[in-house]
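# Structural characterization, general
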Amino acid sequence: MERITTEKLRFVDESSRTRIFNGMNIDDKLIDQKEFRYNLDENFFKKYKSRGLDIIRLAVTWQNLEPEMGKYNEGYLKSIDSIFALAEKYEVYILLDMHQDIYSGNGGKSVGDGAPEWAVITDGAKPRMPVFVWADGYFFGRWVHNSFDHFWNNDCVNGKGLQDCYCELWQMLAKRYGDSPALFGFDLMNEPFPGSDSKRMFARLVGGVAKTIMFNKKVNRPKFFKSAVKGDTRTLLDCIGGDVIRDAVHKVDPLSAQFDYKKYSPFLNKTATAIREITDNGIIMMEQSYICNSGVRQSAPPIKVNGKREPNQCFGPHSYDFAVDTPLYQYANASRVKAFFNEMYNTQMRLGVPCIVGEWGGCSDNNDTSWFPHAFELLDYFDEKQWGQMYWCYHDEPLDAALMDMLCRTHPVAVAGTIEKYGYDRENKIFTLKFNADKKGETIIFVHKPFTCDTKHKVIESYENGASLVSFKTDAGEHEIEIKITD
């Protein structure tokens, strides 16, 4: 496997080729685990690779890795070792994600995940189960707000700062996996949350949405209120399109920026520096805060290590439609989600780093095909931006399920030059790639079904599902490759 680094807005391999990664999130958010929850065996990796998937965002938690302060869960880590070994064998990259949702599972007293109980300081606020959706602890949970406040302040447990403990955990993982050829990088924290500062943010967000509905001329108010009276949720949701998102959320930007500059950025720099004390391998990923998933501007500056800009860093945004995790996701509005991602594209340009979408999707039933048109719109959008993607998420379903057919698509894997554009025309079943090369090289494309192509090529790997990896040897200059799917 070739080591992956960054060059301006591109992921590049050791052959200086532009790399585009496609994969899934595979998470273990359960508590008190003795080994990783899914058996990612040889058969899994064979089928995963045959679907054109070459990266896994492996979501693990502090609680499972360090259930007791200073004592790492060796049995659990050995199961991660096995995943890395098979990932290397099948040339699938691993992004290690330190996952959290509402900070902690609180020993089963909440639906969250993340920190072990010994790293939770709630100041007496009691955790509880959700009333509406799993995330309502972010909105109403004082125990969540207090826990995050103490973490961002690096307050002490048994004489040691919480962030200091967190950095030591990352150093342990860096020592264990830093030399693995399968390592893609380190996702330092899933969807960091501002803590008690969020109360003002949510108040402005709600006020902004209400004001937009009442006064913004882009909103069809008669249609909105008529659909509300009729209980026509789909039409009601569609009245709030992507063209009004920034109008509704922009007043949250200054408060979000305070969190990014004062708390999030110092945390990123501290954690990245701890990792770089151990290894220079692996890309450091910056996410945006939970509050920015809905189009609020992210303002954190590029990550620095010992005061100098980290050379190998990337941006890993997440976004979902309002209807995420509900049956209404079949009515998800792609214009809204693309508006969220447009703001994240602005962040990528500001940071000047490559981007791979860390999470998208959000249909809790992976057998539901009704939302696939929405999914295809987003995949086309990612191709337009030249972003790789990691779908949320794998639920231990068969890798020949309908979901996998949706994710299995023709796309560039390694391009011997700078990509101008690429994309798949589903109606005509034609994939096109245009790129510029400054020297000879080999371009690799994953083709998901039998095909024809007039450009000289060689099939270097075939899969039993009819897919293949195809090689194109090219000289310096401009190139266009067109592939026609025949099945």
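Residues numbered from 1 in each chain as written. Predicted model: local features only at pLDDT ≥ 70, side-chain atom pairs only at ≥ 80, totals over all residues. Heavy atoms only, no water.

Moving on, we get to the overall build of the protein. Per the secondary structure count, the protein includes 14 helices and 23 strands. The globule rule puts the C-alpha radius of gyration for 487 residues at 23 Å, and the 22 Å found for the protein is close to it. Along the three orthogonal principal directions, the C-alpha set of the protein runs to about 70 × 60 × 40 Å. Counting across all 487 residues of the protein, residues that qualify as buried make up 58%. Long-range pairs, those at least 24 residues apart, make up 72% of the contacts in the protein between residues at least 6 apart in sequence. For the protein, the computed accessible surface area is about 20,000 Å², with 49% contributed by carbon and sulfur atoms. For the protein, the separation between the mean place of its 60 positive charges and that of its 68 negative charges on side chains is 5 Å. (Helix = DSSP H or I, 4+ residues; strand = E, 2+ residues; numbered from the N terminus. Rg over C-alpha atoms; globule rule 2.2 N^0.38 Å. Buried < 20%, exposed > 50% of the residue type's maximum accessible area, 1.4 Å probe, protein only. Contact = heavy atoms within 4.5 Å. Areas by Shrake-Rupley, 256 points an atom, 1.4 Å probe, with all protein chains shown as cover. Lys, Arg positive; Asp, Glu negative; His and termini not counted. Charge placed at Lys NZ, Arg CZ, Asp CG, Glu CD.)

This part takes up the pattern of salt bridges. For the structure on display, the rule yields 32 salt bridges. The residue Arg 297 makes a salt bridge to Glu 343 at a minimum N-O spacing of 3.0 Å. Taken as a pair, Arg 297 in the loop between β10 (283–286) and β11 (304–305) and Glu 343 in helix α12 (residues 334–351) lie far apart in primary sequence, 46 residues in all. Residues joined in a network through salt bridges with shared partners are Arg 57, Asp 97, Asp 187, Glu 287 and Glu 359. (Salt bridge = Lys/Arg side-chain N within 4 Å of Asp/Glu carboxyl O.)

We now examine the confidence of the model for the protein. Averaged over all residues, the pLDDT of the protein equals 96, while 100% of them reach at least 70. Looking across the protein, the model is least confident in helix α9 (residues 233–238), with a mean pLDDT of 83, and most confident in strand β9 (residues 183–187), with 99. (pLDDT = per-residue confidence, 0-100.)

To continue, consider the environment of Asp 253. As for its position among the elements, Asp 253 is in helix α11 (residues 253–276). Separated by 48 residues in sequence, Asp 253 and Leu 205 place their C-alpha atoms 9.9 Å apart. Residue contacts for Asp 253: discarding those within four places in its chain leaves Arg 246, Val 296 and Arg 297. Side-chain polar atoms of Asp 253 contact the side chain of Arg 246, separated by 2.5 Å. (Polar contact = N/O pair within 3.5 Å; in protein donor to acceptor, adjacent residues only side chain to side chain.)

The next thing to look at is the sheet that holds strand β6 (residues 93–98). Spatially, β13-β10-β9-β6-β5-β4-β15-β14 is the arrangement adopted by the 8 strands of the open sheet, whose pairing is parallel. Every other strand in the sheet has two partners, leaving β13 (313–315) and β14 (356–357) as the edge strands with one partner each. As paired elements, β6 and β9 share 4 bridges and run parallel to each other. Looking at the pairing, Leu 96 lines up with Phe 186 of β9. Strand contacts of α12: β10, β13 and β14, with the helix running at about 160° to β13, the strand carrying the most contacts. (Pairing = 2+ DSSP bridges. Axes fitted to C-alpha atoms, helices over the stretch in contact; angles between N-to-C directions.)

Attention now goes to the state of the cysteines. Scanning all chains against the criterion turns up 0 disulfides. Looking at Cys 355, it has no disulfide partner, and the nearest cysteine sulfur is the one in Cys 314, 7.7 Å off. No disulfide involves Cys 408; its nearest neighbouring cysteine sulfur is the one of Cys 453, lying 18 Å away. Residue Cys 408 is classed as buried on the basis of its relative accessible area of 9%. (Disulfide = S-S within 2.5 Å.)

To continue, consider helix α5 (residues 142–152). Extensive coverage of α5 is indicated by the burial of 10 of its 11 residues. Burial in α5 covers these residues: Trp 143, Val 144, His 145, Asn 146, Ser 147, Phe 148, Asp 149, His 150, Phe 151 and Trp 152. The inward-facing, buried residues of α5 contact α2 (62–65), α4 (136–140), α6 (162–177), α7 (198–215) and α11. Backbone geometry just after α5 places Asn 154 at a positive phi near 55°.

Counted at 1.5 Å a residue, the expected span for helix α13 (residues 372–385) with its 14 residues is 20 Å, and the 20 Å between its end C-alpha atoms agrees. Those residues of α13 that fall on the buried side of the exposure criterion are Phe 372, His 374, Ala 375, Leu 378, Leu 379, Tyr 381, Phe 382, Asp 383 and Lys 385. Following α13 by one or two positions, Gln 386 adopts a phi angle in the positive range, close to 60°. (Expected span 1.5 Å × (residues − 1).)

Another point: the environment of Phe 431. Turning to its location among the elements, Phe 431 is positioned in strand β18 (residues 430–437). For Phe 431 and Lys 484, which are 53 residues apart along the polypeptide, the C-alpha to C-alpha distance reads 6.5 Å. Look past the residues within four positions of Phe 431 in its chain and what remains in contact with it is Thr 410, His 411, Pro 412, Tyr 422, Gly 423, Tyr 424, Ile 445, Ile 481, Glu 482 and Ile 483.

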